[in-house]
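This is what each chain is made of:
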Amino acid sequence: MNILKLLQNTRCSSCYVNTLNKSVISRLNYSTAVADDEEIIIPKRIPRGPTDILKALANVTKADPTAAHFKYHDDPYLIPMSNNNKRIYSLAQESGRKAARWIRDENPELFQHREAEPPIEVFFPKAQYDETDDLDNEILYKIIKSPSVNDAVTVYNIMKNRGDEISDENKQALLELLCFFNETEEFCPDFIEEKWFAQSNKDSNAVKKTWKDNGLAMKLFEELPESSEKYSAIIRGMVKYFEIEKAYQYFALAEEKKLVLSTDAYNALLTVATYRADGGSQRWQIIENILTTMNDYGLKPNVHTLNAVLQSLVRMPNFPDTKRFALKMIAEVKQFDVLPSLASYAHLLRICYNERGQQLNVIEDILDDLESREMKIQDPLDTTFFPLVMEKCRYMIRDKEVAHRINRLLWKGDNYNFIGTSFKESQYYRNYFHLLFHTESVEDIMRIYDYLVPHIYTPELNVIEELIKTITMNGAIDLYKRIWTDMVQFEIYDRPQLLSTLLEGMVLNRVPYTEPPSETAIVLSDIAWSVYQKAELKSQQRQIPVEWTGKMLGEAILLLLHGNAFDKATEVFKKLIQDENHIVGVPDPEVLSLYMDHCVKNKNVKQAMECVTYSANNGYGETENLAKKIIEGMTLSPAVQSHLAAMVGSHIFKDDQEEVSEQQESV
């Protein structure tokens, strides 16, 4: 053995090392002798995929929720926090990729080099085909499988015009391609960010015919010999693009000719069965007829069969047997080893938890099933399950333990891939947090909040508003600063509704006024001042003023005065006076009284008079009391006294003189 010879030839001046070498050599000799007597069995090779090692490494590590997504720059100043910035940053990167693709397609002659070995075909410029190219059935089949609708149609037309023979297999493959994409070039799958940030929430029940009549697909259908494959393809295409009447006409033709369609074709017909009749009994009769036809031909149902039936039952909410038929269908397909997918359970939730009739509590049974097995994507509507089940849990179940089970299931293994899009992700967490606000303690809410926000989920306005109300109700004053910081990071610090909720909450939880102010009062005062400054700065930048109300500005003044920030309170008060004609509402009388006390304390006659003037102009009943505070606490010039008498009345000075006389007499 090489190791044995290496150790035998090794000389060392250290006795300890020599002794160690001898010990190792003796053990190697013993193991070699034992190995000679035993049969060496070489294990069979385990086939590995190109990404198996990467998956194994990924399973060792866990996602770090405190870190930003890898698609964003690893720089604290460049990592987006708000929903708008996340979308802009991601789509900007995707825009660069689209621009590079456009340059490559517009200038293919500049990208003919082949640096990768083996070559990566997706990086090649898009091929251009014309009549001079040497085309055959093999090239056409390769283009169809790529898939490229426009190129496939171009090559087919070139071969057709030249009189080249095109095999029926290629015609059938092209027919299937055209039916699947409705003769339109597919959306590029590389642009995943556009799909992720799609803002629409399309109604799956919306019906709009988009099938192209008298297109190439229909011509190919006529050219091909009679077969179940061509009928299956044309029926699936028509159903997908809502040419429902013609799809059922071709289904009837296939039945007359005793052609057995594919299972997918029958599934497509089941999906739109409810559009063929109005009453629930008639609709279910159509579904039963199709299922009976499949059974007569010996076709086993699959998960898409189950989903098609359940999707049709969702459109029959007034049918009294909808829930019974749905549960019966799930039980029957299990006899064929068909397990419901997430889309199946999403349809079942819509059926069992609706506003009509008695609700069936099946969420916990669904979770029991899903927690016991590994889930795989089987249906495009699988991504609707998690947002929907959390919505039903919020409105129908209202159980925080069930909500936590749903969230643990989402984060189990690779299940987070089922969240779908950014819109669905926000919908899921919005319902999750709204449920927690009414069921969990504020400490547990903030623990979950800190785990998810901001890199996984950036809360919307109504979530932040409800969180502030929860903090206010629980008196968690120390959390106001954290929430205001998040509002600034999320760029929602200029929304009047949020500012009003925040200021109102801090006023309700303010500590009693003390001299000097407490640490809590100073913190709330700093937040109120930051709220005012940030909102005003945003108004100047956007030239769209924040819609302040008198109540909001009054609450800001009150908090600033409690923190002994009279100068800052005066600036807010000046804003109240300057925009008096544009500001809706007035502050609470307590605000004016406290502000007057600070004016007297700081001997600020000008602001004291402004306070009395504002009180008089807005009809406060406390105007005389404010005037008395000025007279009692400050020395007034004759001009000021005259102005004060004009606003309140000269009797206020007489009352003051009589009060002084009474005091002298009593002495």
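Think of each chain on its own: its residues are numbered from 1, step by step along the sequence as written. The predicted nature of this model means local features are confined to residues of pLDDT at least 70 and side-chain atom pairs, given and counted, to a pLDDT of 80 or more, with totals for whole chains, interfaces and linings taken over all residues. Where side-chain values are given, they derive from all heavy atoms of the structure, hydrogens and water being excluded.

1. Brief notes about the pattern of salt bridges
Move 1: Note on definitions: salt bridges are taken to be side-chain nitrogens of Lys or Arg within 4 Å of carboxyl oxygens of Asp or Glu. If you walk through the whole model with that rule in mind, you get 33 salt bridges.
Move 2: With its nearest N and O atoms 3.2 Å apart, the salt bridge here joins Asp105 to Arg104.
Move 3: Accessibility here uses a 1.4 Å probe with only protein chains present; expressed as a share of the type maximum, an area under 20% marks a residue as buried, one over 50% as exposed, and anything in between as partly exposed. With a relative accessible area of 13%, Arg104 lands in the buried category.
Move 4: Here the salt bridges do not stand alone but share partners, grouping Lys209, Asp213, Glu243 and Lys246 into one network.

2. Describing the confidence of the model for the protein
Move 1: Per residue, pLDDT captures the predictor's confidence, and it can take any value from 0 to 100. Across the protein, the average pLDDT comes to 87, with 90% of residues at 70 or higher.
Move 2: Contact between two residues is taken to exist if any of their heavy atoms lie within 4.5 Å; hydrogens are not considered. For the stretch residues 1–28, pLDDT sits under 50, and the model shows 13 contacts to residues farther than four places along the chain or on other chains.
Move 3: Low pLDDT, under 50, characterises residues 657–664; the predicted model gives this stretch 0 contacts beyond four residues in sequence or across chains.

3. Digging into the packing of aromatic side chains
Move 1: Side-chain rings of Phe, Tyr and Trp, where Trp is taken by its six-membered ring, are said to pair if the distance between their centres is within 6.5 Å; with planes under 30 degrees apart they count as stacked, over 60 as edge-to-face, and otherwise as tilted. Per the counting criterion, the structure on display carries 26 aromatic pairs.
Move 2: Relative to Tyr449, the ring of Phe433 lies with its centre 6.3 Å away and its plane at 75 degrees, an arrangement referred to as edge-to-face. Remark: Tyr449 occurs in helix H21 (residues 442–452) and Phe433 occurs in helix H20 (residues 422–439); sequence separation between them is 16 residues. Judged on exposure class, the residue Phe433 and its partner Tyr449 are both buried.
Move 3: A centroid spacing of 5.6 Å and a plane angle of 25 degrees characterise the contact between Phe566 and Tyr595, whose relative ring orientation is stacked. Of this pair, Phe566 sits in helix H27 (residues 566–578) while Tyr595 sits in helix H28 (residues 589–601), and the two are 29 residues apart along the sequence. You'll find Phe566 and Tyr595 in the same group, each marked buried.
Move 4: Three or more aromatic residues joined by ring pairs make a cluster, and in this case those are Tyr428, Tyr429, Tyr432, Phe433, Phe437, Tyr449 and Tyr457.
Move 5: As a reminder, the over-ring test applies to NZ of lysine and CZ of arginine, requiring each to be within 6 Å of the ring centre and within 35 degrees of the ring normal. Directly above the ring of Phe221 sits Lys230, whose terminal nitrogen or CZ lies 4.3 Å from the centroid.
Move 6: Between Arg276 and the ring centre of Tyr248, over which it is positioned, the NZ or CZ distance is 4.5 Å. A helix here means a DSSP run of H or I that spans at least four residues, while a strand means a run of E at least two residues long, and both kinds are numbered starting from the N terminus.

4. Details of the nonpolar core
Move 1: Remark: nonpolar core denotes a set of buried residues (Ala, Val, Leu, Ile, Met, Phe, Trp, Tyr, Cys) joined through side-chain atoms within 4.5 Å. By size, the foremost hydrophobic cluster in this structure holds 179 residues, and its most contacted members are Ile234, Phe385, Phe386, Phe433, Met487 and Trp548.
Move 2: Among the elements that take part in this core, helix H26 (residues 550–562) stands out by supplying 8 residues, more than any other.
Move 3: Ignoring anything within four residues of it in the chain, the contact list for Trp548 reads Leu499, Leu503, Val531, Tyr532, Ala535, Glu536, Leu553, Lys575, Ile583 and Val584.

5. Overview of unusual backbone geometry
Move 1: For the peptide bond that leads from Val453 to Pro454, omega is 5 degrees, which places it in the cis range.
Move 2: Structurally, Pro454 is set in the loop between H21 and helix H22 (461–474).
Move 3: Note the cis peptide between Glu515 and Pro516, where omega equals 0 degrees.
Move 4: You can see Pro516 is positioned in the loop between helix H24 (496–508) and helix H25 (519–542).
Move 5: Phi is positive for Phe242, which is not a glycine, with a value near 60 degrees.
Move 6: As for its position among the elements, Phe242 is in the loop between helix H10 (228–240) and helix H11 (244–256).
Move 7: The phi torsion at Arg398 lies on the positive side, around 60 degrees, for a residue other than glycine.
Move 8: The exposed category is assigned to Arg398, whose relative accessible area is 55%.

6. Remarks on helix H9 (residues 216–223)
Move 1: When we look at burial in H9, the residues that qualify are Leu216, Ala217, Met218, Leu220 and Phe221.
Move 2: Against helix H6 (149–162), helix H7 (168–181), H10 and H11 lie the buried residues of H9.

7. Here we look at the packing of helix H19 (residues 400–410) against H20
Move 1: Relative orientation of the contacting elements H19 and H20 amounts to 150 degrees, with a least axis distance of 10 Å. When you trace H19 past H20, the crossing you get is left-handed. For the pair H19 and H20, the contacting residues are Lys400, Ala403, His404, Ile406, Asn407 and Leu410 in the first and Tyr428, Tyr429, Tyr432, Leu435, Leu436 and Thr439 in the second.
Move 2: Its residues placed into classes, the contact of H19 with H20 shows 8 nonpolar, 3 polar and 1 charged. Angles here are taken between N-to-C directions and fall from 0 to 180 degrees, while the axes themselves are lines fitted to C-alpha atoms, restricted in helices to the stretch in contact. Two helices that cross are described as forming a left-handed crossing if the nearer one is turned anticlockwise from the farther one by less than a right angle, and a right-handed crossing if clockwise. Under the scheme applied here, ten amino acids are nonpolar (Ala, Val, Leu, Ile, Met, Phe, Trp, Tyr, Cys and Pro), four are charged (Asp, Glu, Lys and Arg), and all others, including Gly, are polar.

8. Overview of the packing of helix H29 (residues 605–617) against helix H30 (residues 623–633)
Move 1: Packing of H29 against H30 leaves a shortest axis separation of 9 Å and a crossing angle of 165 degrees. It follows from the interaxial angle that H29 and H30 lie roughly antiparallel. For the pair H29 and H30, the crossing hand works out as left-handed. Mapping the contact onto sequence places Ala608, Met609, Cys611, Val612, Ser615 and Ala616 in H29 and Thr623, Leu626, Ala627 and Ile630 in H30. Working rule for angles: under 35 degrees goes down as roughly parallel, over 145 as roughly antiparallel, 65 to 115 as roughly perpendicular, anything else as oblique.

9. Looking at helix H16 (residues 342–352)
Move 1: Across the 11 residues that make up H16, a large majority, 10, are buried.
Move 2: Of all the residues in H16, the buried ones are Leu342, Ala343, Ser344, Tyr345, Ala346, His347, Leu348, Leu349, Ile351 and Cys352.
Move 3: Looking at the packing, one finds that the buried side of H16 touches helix H14 (303–314), helix H15 (322–333), helix H17 (363–371) and helix H18 (385–397).

10. Brief notes about the side chain of Glu440
Move 1: In this fold, Glu440 is placed in the loop between H20 and H21.
Move 2: A relative accessible area of 13% places Glu440 in the buried class.
Move 3: Within the local environment of Glu440, its side chain forms a polar contact with the side chain of His404, the two groups lying 2.8 Å apart.
Move 4: Ignoring any residue separated from it by four or fewer positions in sequence, one finds Glu440 in contact with Lys400, His404 and Ile445. Two N or O atoms count as a polar contact when they lie within 3.5 Å, although within protein this holds only if one can serve as hydrogen donor and the other as acceptor, and sequence-adjacent residues are included solely when both atoms are side-chain atoms.

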